Amino acid sequence: MRNTRLRARLLAGAVIVAAMPGAAFAQDEEQQGGIGEIIVTAQRTEESAQRAPVVIDTVTADELSGVTDVRELANAVPGLQFANAGNSVQTYIRGVGSFNAKSVQESAVAYSADGVYLFTTSQISPAMFDLARVEVLKGPQGTLYGRNASGGAVNIITQGARIGSLEGYFEGSLGNYSLFDFTGVVNLPVSDNFAVRLAGHHVEHDGYLSDGTSDDDTTAGRVRALWEPSAMVSVKFAFDAARVRGVGPGSVVVPRVDAGHPWIGALDPRSDTGPTTVSGFRPLADPFNELDQWSSSVELDWDLGFATMTVLPAYRHESLKQRSYVPGYGIEEDADIEQKSFEARLAHQGGGIRWVAGAYYLEATNDETFDIINPNPAAGRPAVNLLVNPLSVESWAVFGETTVDVTDRFRLIGGLRYTWENSTSGGYQNQIYPSPLATEEFLPGVEAGDFYVDEDVTADAVTWKVGAQYDIAEVSSIFATVSKGFKGGGSYVDLASVDPTYAPETIVAYVFGSRNRFFDDTLQLNLEAFYWDISDQQISFVGFNVLGQPKFQTTNASDSKSVGFSIDTIWLPTPNDRLTFGVEYVDSEYSDFVRVQPAAPVGTLCPTTTLSAGPPARVAIDCSGFPMMRTPKWAGSASYRHVFDMADGGELTAGGDMTFASKRYTSIDFSPTTLDGGYAIVNAEIEYKAPEARWSLALWGRNLTEAAYYSGGIQSGPFNRPTINQPRTYGVRGRISF
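Rules used in this analysis
- Per-chain numbering applies: the sequence of each chain, read as written, is numbered from 1 onward.
- In keeping with the model being predicted, local features are shown solely for residues with a pLDDT of at least 70 and side-chain atom pairs are shown and tallied solely at 80 or more, while totals for entire chains, interfaces and linings include all residues.
- Excluded from the side-chain calculations are hydrogens and water; all other atoms, namely the structure's heavy atoms, are used.
- By definition, a salt bridge exists where a carboxyl oxygen of Asp or Glu is found within 4 Å of a side-chain nitrogen of Lys or Arg.
- By definition, any uninterrupted DSSP run of H or I lasting at least four residues is a helix, any uninterrupted run of E lasting at least two residues is a strand, and each is numbered from the N terminus.
- Two strands make a pair as long as DSSP finds a minimum of two bridges between them.
- To define axes, lines are fitted to C-alpha atoms, for helices over the stretch in contact only, and angles between the resulting N-to-C directions are given on a 0 to 180 degree scale.
- By convention a nonpolar core is built from buried Ala, Val, Leu, Ile, Met, Phe, Trp, Tyr and Cys residues, the set being connected through side-chain atoms within 4.5 Å.
- Accessibility here uses a 1.4 Å probe with only protein chains present; expressed as a share of the type maximum, an area under 20% marks a residue as buried, one over 50% as exposed, and anything in between as partly exposed.
- Stacked, tilted and edge-to-face pairs are distinguished by plane angle, under 30 degrees for stacked and over 60 for edge-to-face with tilted covering the rest, among Phe, Tyr and Trp rings (Trp via its six-membered ring) whose centres lie within 6.5 Å.
- A ring is scored as having a charge over it whenever the NZ atom of a lysine or the CZ atom of an arginine sits within 6 Å of its centre and within 35 degrees of its normal.

1. As for the pattern of salt bridges
Item 1. One pass over the structure, following the stated rule, counts 32 salt bridges.
Item 2. For Glu706, the salt bridge identified is with Arg728, shortest N-O distance 3.8 Å. Placement of the pair is Glu706 in the loop between strand E41 (695-702) and strand E42 (715-716) and Arg728 in the loop between strand E43 (719-720) and strand E44 (729-737), with a sequence separation of 22 residues.
Item 3. Taken together, the salt bridges that share partners define one network made up of Asp57, Arg94, Lys138, Glu528 and Glu584.

As structure tokens, this is what we get:
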């Protein structure tokens, strides 16, 4: 059913602001007699999140305790939607995201770790330990972040080394599904100007699905070093390494084969029910997931007097191998990925002006081999067997942003960035199945399914930001900004005759926000209204090329809109009680979205028009007027926490939280099987913390009501093959600090 009621309503909404990280969370609120502040670096300089004129949600170290998968951030940030395809994490913010199902596809929500952009989303979850905070910026970050931040940015900030402090902790969790989660950290003050922080982490659990998929076996290590040769200079060294093994992510079948058991995996023999069956190639080759990565970086900060210079070179290497049946047929991927980046900037703050100016360079290569294992394809749908598809990306940019105090209450904001980038895709495709249409030999020009790949896409863009901020009172302000974001174009694998390229995606976002504190900082009310105008939105999906071969494709929706508001509150009715509530409303629409395929998805509600009976067949699928996929109209969260002061000087904290979202389509097929209903996830925890936080012990439970919801999916025939959230999990967590 079409949504033709899109209207530009600008109502109030919120930006989630939390307290200081770790054990300091409750102490800060008590010492300050109100809601604590958190310092963020989302705008490349340190500032209070409550005063920053950006849409930012901050998840603290306390809230990240026990979180080992980035997708769990959905429990803390309303409107943030996650899914996965193999190792790739798919992230959507207010309808903008990427269906990145292969390592060569980049996200429209830019991830970074300690200021270094992550070229692939498979690098994210292994970094989720010993964190200071995670910052989620909603909307285009076109000036300071640049490429591929059209939907927003997620900044992962790890705990750094501390000079002069010998400290550390050991933390571990045991739970159902054979969960074992352990983190060990030590901070060593080597000298009066040099310190090293060592952190190690291991997490493993059995598969959440009945076929053994959606498991985890991750081991990661981290070194952070800080050297301050003078009061004007600091150097930060970073090294990370991670090893991931296991069966890998899985999916389920919708409609369910057993309505009362939603976590029956798609590879479970009970799921062999029709067109999505994997029986055609049983016995199955075992699915597996192997990921090895390491990275290093050096950050130099030098106070030059008039400004602080920051230089940040970084290198990342990643090797991944996986076999998965998530789409309904087998896929194998083998990729070797290298990323080099360099950023240099100057930042000044003082004298009524704050500015940042800099330059950025990125070079990334991905040597990928991709197999689709489908020896029994449907009639007229040949399968692709082997795709050798190396990709190289090069990008550079110059940028600047400034905030000027017009008066002591009124400030003007302006920013500009120029980005240039080139993407080159090469290699070849060799179709092997089915005979006699194809053979194991690579015969371009003889066999239609065998051809070379040679695509070269270059794009540039000027992105910008303008705005203003006004302090109504000492702890209340309003701001308004207009900003433009950009995601570069590219290509997918198809015959050159059909031009398998897609255009850059751009977003212009209009935002009005209000930040307020009342009653001696015991009540916080933050409001936001937004309107996003999206041009040439990149929509990725699993479709079929002109030869009828299954393909991961990307097309451009000519026009999309997203409009809504959010409200966020924090209330401390007593020094020992804390309540939070946040809600977000999004009214979204693909205003002009038509794609052409050999056939329409089974059961699609989008009007279709046959352009050609073929061969090859061509059908126009018009999804204009439908809501943007993975975008609930309503999403939010609520929490309550009470601290009991114990006679021994310790604290007993009990609390719970709830996250909810309304119905939404999980894919652009827009069929009844891809429409998932609303859900509410309930979590609870009780923790005892000894005096001076020397040790703690907690009992926790997540998804206590075993609510099931789908977070992605690929339709195959009349069935949907979505990924699904975690079932009920529970356990005990202990921590010893020194």
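2. Describing the sheet that holds strand E10 (residues 152-158)
Item 1. Taken in spatial order, the five strands of this open sheet run E3-E9-E10-E7-E8, and their pairing is mixed. Edge positions in the open sheet fall to strand E3 (56-60) and strand E8 (116-117), since each of these has one partner strand only.
Item 2. Bridge count between strand E7 (residues 109-113) and E8: two bridges; the pairing is antiparallel. Across the sheet, Ser112 pairs through a bridge with Tyr117, a residue of E8.

3. Some remarks on the sheet that holds strand E34 (residues 608-612)
Item 1. Reading across from one edge, E33-E35-E34 is the order of the three strands in this open sheet, with antiparallel pairing throughout. Looking at the sheet topology across the chains shown, the edges are occupied by strand E33 (594-597) and E34. Geometrically, the sheet is characterised by an average inter-axis angle of 25 degrees between neighbouring strands, direction not taken into account.
Item 2. In terms of strand pairing, E33 meets strand E35 (residues 618-622) through four bridges, oriented antiparallel. Its bridge partner lying in E35, Gln597 is registered against Val619.

4. Topic: the nonpolar core
Item 1. Leu73, Val134, Trp532, Tyr590, Ile668 and Phe670 are the most contacted members of the largest nonpolar core, which totals 62 residues.
Item 2. If you tally residues by element for this core, the top one is strand E30 (residues 523-544), at five residues.
Item 3. Counting residues in hydrophobic clusters, the runner-up holds 29 residues, among them Val40, Val54, Leu137 and Leu391.

5. Description of the pairing of strand E21 (residues 391-405)
Item 1. Pairing of strand E19 (residues 353-373) with E21 involves 14 bridges; the strand directions are antiparallel. Residue pairing in the sheet places Ile353 in a bridge with Val404 of E21.
Item 2. Both E21 and strand E22 (residues 410-425) contribute to a ladder of 15 bridges, which runs antiparallel. Each residue of the ladder has a partner; that of Val398, found in E22, is Tyr418.

6. Structural notes on the pairing of strand E16 (residues 288-303)
Two faces belong to every sheet, and in a regular strand the side chains alternate between them.
Item 1. Sheet topology places strand E15 (residues 233-244) next to E16; twelve bridges connect them, and they run antiparallel. Bridge pairing links Phe239 to Ser296 in E16.
Item 2. Bridge analysis of E16 against strand E17 (residues 308-324) gives 14 bridges, and the strand direction is antiparallel. Residue pairing across strands places Asn289 opposite Gln322, the latter belonging to E17.
Item 3. In sequence, E16 turns back onto E17 through a hairpin of four residues, with Gly305 there showing a positive phi of about 100 degrees.

7. Focus on the packing of aromatic side chains
Item 1. Per the stated rule, a full pass over the model turns up 21 aromatic pairs.
Item 2. Where Tyr428 meets Phe442, the ring centres are 4.8 Å apart and the plane angle is 45 degrees; that geometry is what we call tilted. Residue Tyr428 is located in strand E23 (residues 428-430), and its partner Phe442 is located in the loop between E23 and strand E24 (451-452); the two are separated by 14 residues in the primary sequence.
Item 3. Residue Tyr428 is classed as partly exposed on the basis of its relative accessible area of 28%.
Item 4. Phe442 sits in the partly exposed class, given a relative accessible area of 25%.
Item 5. Among the aromatic side chains, those forming a connected cluster through ring pairs are Tyr590, Phe593, Phe626, Tyr665 and Phe670.
Item 6. Across the ring face of Trp700, the terminal group of Arg702 is positioned such that the distance to the ring centre comes to 4.6 Å.
Item 7. Above the face of the Tyr169 ring, Arg735 is positioned so that its terminal group lies 3.7 Å from the ring centre.

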